[in-house]
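Chains, contacts and geometry: an overview
For reference, the chains in residue letters:
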Amino acid sequence: MLLCASEGRHWRYEVCEHEDGYLVQMRDLMTGDLDDEFSTIFRTLPVAFAYAEMSAAYERYAASELEHVPDEQIEIDVELTERHFIDLSDRLHDSGMNGIVVQAWERESQRSSVRMLH
């Protein structure tokens, strides 16, 4: 279930419910495709929200740099969202876990464990 989304210039950062917490995933605004390489799972919802906001702010900043569009507000947004994420993450002891790692654990746990004794 999608809980919220923060939009950058080219990507939307979605916070969704996940069996292990809250998943932040990245969706292309033009195609609607998910980026399989970018996903992070957090234990707490406030940190997941803050991470999505920070990621969108970074992406807007990077896009403005590439397009040579100076905007002081974008720089301020990056700094504020980064500080907010770090403060919440530290306070709630939730730095997130890469979604690819979680997928690997799930695949490994589904494999039958055949042990050979010598």
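Scroll up for the structure.
In this text the structure is predicted, and so the values were computed from the model without any measurement. (Residues numbered from 1 in each chain as written. Predicted model: local features only at pLDDT ≥ 70, side-chain atom pairs only at ≥ 80, totals over all residues. Heavy atoms only, no water.)

1. What about the environment of E82?
- You can see E82 is positioned in helix 2 (residues 72-92).
- Exposure remark for E82: the relative accessible area of 30% places this residue in the partly exposed category.
- When neighbours within four sequence positions are excluded, E82 is seen to be in contact with M54 and Y58. (Helix = DSSP H or I, 4+ residues; strand = E, 2+ residues; numbered from the N terminus. Buried < 20%, exposed > 50% of the residue type's maximum accessible area, 1.4 Å probe, protein only. Contact = heavy atoms within 4.5 Å.)

2. Here's the deal with helix 2
- Counted at 1.5 Å a residue, the expected span for helix 2 with its 21 residues is 30 Å, and the 30 Å between its end C-alpha atoms agrees.
- Buried within helix 2 are the following residues: I74, V78, T81, F85, L88 and S89. The arc enclosing the buried residues of helix 2, seen along the axis, measures out at 115°, which places them on a common side. Summarising the geometry of helix 2, the exposed residues directed more than 90 degrees from the buried face are E72, D90 and R91. (Expected span 1.5 Å × (residues − 1). Arc of directions from axis to C-beta.)

3. Concerning the packing of helix 1 (residues 45-66) against helix 2
- Orientation of helix 1 relative to helix 2, taken along the N-to-C sense of each, is 155°, at an axis distance of 8 Å. Judged on the interaxial angle alone, helix 2 and helix 1 are roughly antiparallel. You can see that helix 1 and helix 2 cross each other, and the crossing is left-handed. On helix 2, the residues that touch P46, V47, A50, Y51, E53, M54, A57, Y58, R60, Y61 and S64 of helix 1 are I74, E75, D77, V78, T81, E82, H84, F85, L88, S89 and L92.
- Each residue belonging to the contact of helix 1 with helix 2 can be placed in one class, and the counts come to 13 nonpolar, 4 polar and 5 charged. (Axes fitted to C-alpha atoms, helices over the stretch in contact; angles between N-to-C directions. Parallel < 35°, antiparallel > 145°, perpendicular 65-115°, else oblique. Left-handed = near helix turned anticlockwise from the far one by under 90°. Nonpolar A, V, L, I, M, F, W, Y, C, P; charged D, E, K, R; others polar.)

4. Section: the sheet that holds strand 4 (residues 34-42)
- Taken in spatial order, the 5 strands make up an open sheet running 1-2-3-4-5, and their pairing is antiparallel. Edge positions in the open sheet fall to strand 1 (2-7) and strand 5 (97-98), since each of these has one partner strand only.
- Taken together, the 8 bridges between strand 2 (residues 11-18) and strand 3 (residues 21-28) define a ladder with antiparallel strand orientation. Across the sheet, the residue bridging to H18 is G21, located in strand 3.
- Across the face of the sheet, helix 1 comes into contact with strand 1, strand 2, strand 3 and strand 4 while running at roughly 165° to strand 2. (Pairing = 2+ DSSP bridges.)

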